[in-house]
Amino acid sequence: MVKHTGRAGYLQIADDLRAQIRGGSLAPGTPLPSTAQLAEQYDASLSVVKMAVGILRNEGLVIGQQGKGVFVSDPDEAPAAEGDVAGEVAELRSAVQDLSVRLARVEEQLATSTTPRSGRSSR
């Protein structure tokens, strides 16, 4: 059950599921209960449970299989090693740089398009 501690409910759920995974009560390959079951178990909304599971996905602790559910990941089969954080950061920096260039182009186009639209007043 999510407690009223000031800590977000989805973080509490993620913490609890993470502890179960690391403690071995949810072993690699084990399916997580459905979103509806987790929502009932933790007395939380479906969106809160989805956010908690999303955190675990981002951490690589669980993996979703379309149409089958969400399963505890096998640490030996993890696609990205923890030591590859530098590579991930480099990818993110590259993506941010690309987006910055694209945003600058859009802003430039908006600044140069000063054509007034018909039917609008300047009031």
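Counting starts from 1 at the beginning of each chain's written sequence and moves along it residue by residue. Only residues with pLDDT of at least 70 get local features here, since the model is predicted, and only at 80 or more are side-chain atom pairs given and counted; chain-wide, interface and lining totals rely on the full set of residues. As a rule here, side-chain values come from all non-hydrogen atoms in the structure, and water together with hydrogens is ignored.

**So, the overall build of the chain**
What counts, and what does not: Going along the chain from the N terminus, every DSSP run of H or I of four or more residues is numbered as a helix, and every run of E of two or more is numbered as a strand. Burial here depends on accessible area, computed with a 1.4 Å probe over protein chains only, as a share of the maximum for the residue type. Under 20% is buried, over 50% is exposed, and the range in between is partly exposed. Contacts between residues were defined by any pair of non-hydrogen atoms, one from each residue, lying within 4.5 Å. Shrake-Rupley sampling with a 1.4 Å probe provides the accessible areas, and residues are treated as covered by the protein chains on show and by no other component.
The helix and strand inventory of the chain stands at four helices and two strands. A total of 123 residues make up the chain; the buried ones form 20% of that total. Taking the intrachain contacts of the chain between residues at least 6 apart in sequence as the baseline, contacts between residues at least 24 apart amount to 53%. Summing over all exposed atoms, the chain offers an accessible surface of approximately 9,500 Å²; the carbon and sulfur share of this is 52%.

**Quick notes on a nonpolar patch on the surface**
This is how it is decided: Patches draw on residues past 30% relative accessible area with no salt bridge. Two like charges within 9 Å are joined, as are two nonpolar side chains (Val, Leu, Ile, Met, Phe, Trp, Tyr) within 5 Å. Salt bridges, as used here, are contacts in which a Lys or Arg side-chain nitrogen is within 4 Å of a carboxyl oxygen on Asp or Glu.
Together, Leu103, Val106 and Leu110 make up an exposed nonpolar region whose accessible area comes to about 290 Å². As for its placement among the helices and strands, leucine 110 is situated in helix H4 (residues 85-112). Residue leucine 110 is classed as exposed on the basis of its relative accessible area of 60%.

**Re the pattern of salt bridges**
Under the counting rule described, the total for this entry stands at four salt bridges. Linking aspartate 15 and arginine 7 is a salt bridge whose minimum nitrogen-to-oxygen distance equals 2.8 Å. By relative accessible area, aspartate 15 is classed as partly exposed at 29%. Residue arginine 7 is classed as partly exposed on the basis of its relative accessible area, which comes to 42%.

**Here's the deal with the side chain of serine 73**
Rules: By the criterion applied in these results, polar contacts are pairs of N or O atoms within 3.5 Å in which, for protein atoms, one can donate a hydrogen and the other can accept it, and in which residues neighboring in sequence qualify only through two side-chain atoms.
Counting through the fold element by element, serine 73 comes out in the loop between strand E2 (69-72) and H4. Within polar-contact distance, the side chain of serine 73 engages the backbone nitrogen of valine 62 at 3.4 Å. Contact partners of serine 73, with chain neighbours within four places excluded, come to Pro28, Gly60, Leu61, Val62 and Ile63.

**Considerations on the nonpolar core**
How we decide: Nine residue types can take part in a nonpolar core, namely buried Ala, Val, Leu, Ile, Met, Phe, Trp, Tyr and Cys, and a core is a set of them joined through side-chain atoms within 4.5 Å.
Ranked by internal contacts, the top residues of the largest apolar core, which has 20 residues, are Ile13, Leu17, Leu32, Tyr42, Val49, Val53 and Val62. Elements with a minimum of two residues in this core: helix H1 (9-23), helix H2 (35-42), helix H3 (46-58) and E2. Sort the elements by how many residues they give to this core and H3 lands first, with five residues. When sequence neighbours within four positions are dropped, the list of residues in contact with valine 49 reads Ile13, Thr35, Leu38, Ala39 and Ala44.

**With respect to the packing of H2 against H3**
This is how it is decided: Every axis in this analysis is a line fitted to C-alpha atoms, fitted for helices over the stretch in contact. Angles between the N-to-C directions lie between 0 and 180 degrees. For classification purposes, angles smaller than 35 degrees are called roughly parallel, those larger than 145 roughly antiparallel, those between 65 and 115 roughly perpendicular, and all remaining angles oblique.
Contact geometry for H2 and H3: axes closest at 9 Å, N-to-C directions at 105 degrees. What the angle tells us is that H2 and H3 run roughly perpendicular. Of the residues in H3, those touching H2 at Thr35, Ala36, Leu38 and Ala39 are Leu46, Val49, Lys50 and Val53.

**Considerations on the confidence of the model for the chain**
To be explicit about the condition: For every residue, the predictor assigns a confidence score, pLDDT, that lies between 0 and 100.
This prediction gives the chain a mean pLDDT of 84; 82% of its residues lie at or above 70. Confidence, expressed as mean pLDDT per element, reaches its minimum in the chain at H4 with 82 and its maximum at H2 with 95.

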